[in-house]
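Here is what each chain is made of, one letter per residue.
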Amino acid sequence: RMRLTEIELRRVPNIDSGETLEEAARALRAVHHPVLPVVEKGCPIGTLSENELESSDRSAAITSESLCVADVCRRDSLVCSKSTSLKTALRLMRQHAHDRLLVTEQDGSLAGMITPMELLDLLLERLPEQSAGPEMASVHRIRGNQEVT
């Protein structure tokens, strides 16, 4: 069984839950990531994207110093440990229709983030190049075999 420990996780910058929304907007622009994990004492509690900031901006909250990242971040992020199997990680993302999974170390701290496309790339790397399906007619002609109709 393949586990997430076997995957080189994409280390992404994160933002502390206590940061202001203005600081969060600057951080998102600076790192060129659509989503930042939100952490509290190093452990993930959610994610923050430009969508959450835009929603809060409409209510003029981005200029308010009374709100912080914890007030507007998404708290429904999927989180699992590095010891989780690849199959379980894929099932979680599919079942909950999420496009990212936050992965933690044994102590609960953020290890990284992974997306379905990264998991597909991993599977493609590990699949054998040989085809298990029927051979195309052109392969038979090249080999000099007679085609069976």
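Up top is the structure.
Residues take numbers from 1 onward in each chain, read along the sequence in its written order. Predicted model: local features are reported for residues with pLDDT of at least 70 only, side-chain atom pairs are reported and counted for 80 or more only, and whole-chain, interface and lining totals are derived from all residues. Side-chain metrics rest on all non-hydrogen atoms present in the structure, leaving aside hydrogens and water.

Engineer: Account for the nonpolar core, with residues named and values stated.
Structural biologist: Note on terminology: a nonpolar core comprises buried Ala, Val, Leu, Ile, Met, Phe, Trp, Tyr and Cys residues joined through side-chain atoms within 4.5 Å. The rule is simple: take the accessible area with a 1.4 Å probe, protein chains only, and divide by the maximum for that residue type; under 20% is buried, over 50% is exposed, in between is partly exposed. Counting 14 residues, the largest nonpolar core has L4, I7, L101, I114 and L119 as its most contacted members. Going along the chain from the N terminus, every DSSP run of H or I of four or more residues is numbered as a helix, and every run of E of two or more is numbered as a strand. Element by element, the count of residues in this core is highest for helix α4 (residues 86-96), at three residues. In this structure, I15, A24, A25 and L28 belong to the second largest nonpolar core, which totals 12 residues.

Engineer: An account of the state of the cysteines is needed here, citing residue identities and associated values.
Structural biologist: Disulfide assignment relies on a single distance test, namely cysteine sulfur atoms paired within 2.5 Å. Counted by the stated rule, this structure contains zero disulfides. Cysteine C68 remains unbridged, with the sulfur of C73 as its closest cysteine sulfur at 8.4 Å.

Engineer: How would you explain the environment of S81 if you had to name every residue and give the values?
Structural biologist: If you trace the backbone, S81 turns up in strand β4 (residues 79-81). As a C-alpha pair, S81 and L110 span 29 residues in sequence and 9.1 Å in three-dimensional space. Ignoring any residue separated from it by four or fewer positions in sequence, one finds S81 in contact with L4, V103 and T104. The definition of a polar contact used here is a pair of N or O atoms within 3.5 Å, where within protein one atom must be able to donate a hydrogen and the other to accept one, and adjacent residues in sequence count solely through side-chain atom pairs. A distance of 2.8 Å separates a polar atom in the side chain of S81 from a polar atom in the side chain of S83. Contact criterion: two residues are considered in contact whenever any of their non-hydrogen atoms come within 4.5 Å of each other.

Engineer: If you had to explain the sheet that holds strand β2 (residues 35-40) to someone new, which residues and values would you point to?
Structural biologist: The strand order β1-β2-β3 describes an open sheet built from three strands, whose pairing is mixed. Both outer strands of the open sheet, β1 (15-16) and β3 (43-49), are each paired with one neighbouring strand and no more. Strand pairing is assigned whenever DSSP detects at least two bridges linking the two strands. Note: β2 against β3, six bridges, orientation antiparallel. Bridged to V39 within β3 is P44.

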